[in-house]
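The primary structure of each chain is shown beneath.
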Amino acid sequence: MRILAFITARGGSKRLPGKNIRPIGGTPLLVWSVNVAKDIPDVCDILVSTDDPAIAQVSKDAGTLVPWLRPAELATDTATSVDVCLHALEWYESEKGKVDGLMLLQPTCPFRSRKTVLKGIELFRKNQRQF
């Protein structure tokens with residue numbers, strides 16, 4: 001199975017500027033999401049979509065794929081996660097091949113466990129024919 005782990009991390013937080021790269025327990029917020037997806041056999045890549053060069057650099061340093069900066073129209077308060085996911089998925093599949101699923105790992109949920117992610121993948125595998 002090929003699952004694309006996808007992290008959205010725009011730079012325009014109004015309440016807490018720079019939140020996606022602020023450290024929690026010594027680790028930048030978005031890197032918690034990267035680390036939970038690393039070394040999962042079904043994850044073919046970890047892709048980060050951001051409009052911010054500093055976030056892009058932290059993401060690359062953590063070992064993710066950051067092929068572009070997100071277009072401005074997808075980095076607003078009104079841009080939907082669905083549109084951001086579709087933008088990334090269309091690019092990924094045209095460049096790297098088809099995937100069976102996209103797993104959205106929002107950086108604002110840093111304490112999800114690897115066990116929970118693996119359980120989600122297993123549920124997806126069991127129910128994939130229904131989609």
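Notes on the structure follow. Since the model is a prediction, treat every value here as computed from it, not as a measurement.

Remarks on the overall build of the chain
Here is step 1: When you go through the chain residue by residue, the secondary structure sums to four helices and five strands.
Here is step 2: Secondary structure elements in the chain, listed N-terminal to C-terminal, are β-β-β-α-β-α-α-β-α.
Here is step 3: Relative to the globule expectation of 14 Å for 131 residues, the C-alpha radius of gyration of the chain, 14 Å, shows essentially globular dimensions.
Here is step 4: Seen through its C-alpha atoms, the chain measures out along the principal axes to roughly 40 × 30 × 25 Å.

Focus on the pattern of salt bridges
Here is step 1: Within the structure shown, the criterion is met by four salt bridges.
Here is step 2: Arg-10 is the salt-bridge partner of Asp-77, the closest N and O atoms lying 2.5 Å from each other. Of the two residues, Asp-77 is situated in the loop between α2 (53-61) and α3 (81-96) and Arg-10 in the loop between β1 (3-8) and β2 (23-24); the sequence distance between them amounts to 67 residues.
Here is step 3: Here Lys-98 ties to Glu-93 by a salt bridge, and the two come within 3.6 Å at their closest N and O atoms.

Quick word on the pairing of strand β4 (residues 43-49)
Here is step 1: Across the seven residues of β4, five count as buried, placing the element largely inside the fold.
Here is step 2: In terms of strand pairing, β1 meets β4 through six bridges, oriented parallel. Counted as the bridge partner of Leu-4 is Asp-45 from β4.

Looking at the nonpolar core
Here is step 1: Ranked by size, the top nonpolar core spans 21 residues in total, and within it Ala-5, Ile-46, Met-103, Leu-105 and Val-117 carry the most contacts.
Here is step 2: Contributing elements (two or more residues each) for this core: β1, α1 (29-37), β4, α2 and α4 (114-127).
Here is step 3: Ranked by residue count, the leading element in this core is α1, at five residues.
Here is step 4: Sequence-distant contacts of Leu-105, defined by excluding residues within four places in its chain, comprise Ala-5, Phe-6, Ile-7, Thr-8, Ser-33, Val-36, Ala-37, Arg-112 and Val-117.
Here is step 5: The next biggest cluster of nonpolar side chains, apart from the first, holds 10 residues, and it includes Phe-6, Leu-47, Trp-68 and Leu-74.

Definitions and limits used
Residues numbered from 1 in each chain as written. Predicted model: local features only at pLDDT ≥ 70, side-chain atom pairs only at ≥ 80, totals over all residues. Heavy atoms only, no water. Helix = DSSP H or I, 4+ residues; strand = E, 2+ residues; numbered from the N terminus. Rg over C-alpha atoms; globule rule 2.2 N^0.38 Å. Salt bridge = Lys/Arg side-chain N within 4 Å of Asp/Glu carboxyl O. Buried < 20%, exposed > 50% of the residue type's maximum accessible area, 1.4 Å probe, protein only. Pairing = 2+ DSSP bridges. Core = buried A, V, L, I, M, F, W, Y, C linked by side-chain atoms within 4.5 Å. Contact = heavy atoms within 4.5 Å.

Note that every value here comes from positions in space, so none of it alone points to a role or purpose.
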